[in-house]
Amino acid sequence: MRFELYRDAKGEWRWRLRARNGEVVAESGEGYLRREDCEHGIALVRQSTEARIVDMTTQIA
């Protein structure tokens with residue numbers, strides 16, 4: 001898998017995560033004005049491997 005940094009049509013920085021088969025499995029939900037902020041977003045996603053899984057189907061709406 002790999003993270004890709006790119007600029008969108010508005011010139012903002014974005015990232016996407018591609019699987020080995022080339023499919024996009026995640027992408028930034030927002031554009032960033034600074035590349036450093038975009039890279040920080042990637043770092044947060046990398047840290048999310050420690051996040052717990054919550055089954056929202058068992059939650060009362």
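The structure we're discussing is the one just above.
Residues numbered from 1 in each chain as written. Predicted model: local features only at pLDDT ≥ 70, side-chain atom pairs only at ≥ 80, totals over all residues. Heavy atoms only, no water.

Looking at this model, I keep getting lost on the pattern of salt bridges. Mind explaining?
It is possible for side chains bearing opposite charge to pair when their charged atoms get close. Applying the stated criterion across every chain yields a total of six salt bridges. For the salt bridge of R18 with E4, the shortest nitrogen-to-oxygen distance reads 3.0 Å. Of this pair, R18 sits in strand β2 (residues 13-18) while E4 is found in strand β1 (residues 2-7), placing the two residues 14 residues apart along the sequence. Each of the salt bridges in this network shares a partner with another, and the network as a whole consists of R2, E4, R16 and R18. (Salt bridge = Lys/Arg side-chain N within 4 Å of Asp/Glu carboxyl O. Helix = DSSP H or I, 4+ residues; strand = E, 2+ residues; numbered from the N terminus.)

Help me out: how do you make sense of the sheet that holds β2 in this one?
Strands belonging to one sheet form pairs held by backbone hydrogen bonds; the direction of such a pair is parallel or antiparallel. With antiparallel pairing, three strands are arranged side by side in an open sheet as β1-β2-β3. Across the chains shown, the open sheet's two edge strands, defined by having one partner strand only, are β1 and β3 (24-27). Pairwise comparison of adjacent strand axes, ignoring direction, gives a mean angle of 30° for this sheet. Bridging between β1 and β2 involves six bridges; their strand directions are antiparallel. (Pairing = 2+ DSSP bridges. Axes fitted to C-alpha atoms, helices over the stretch in contact; angles between N-to-C directions.)

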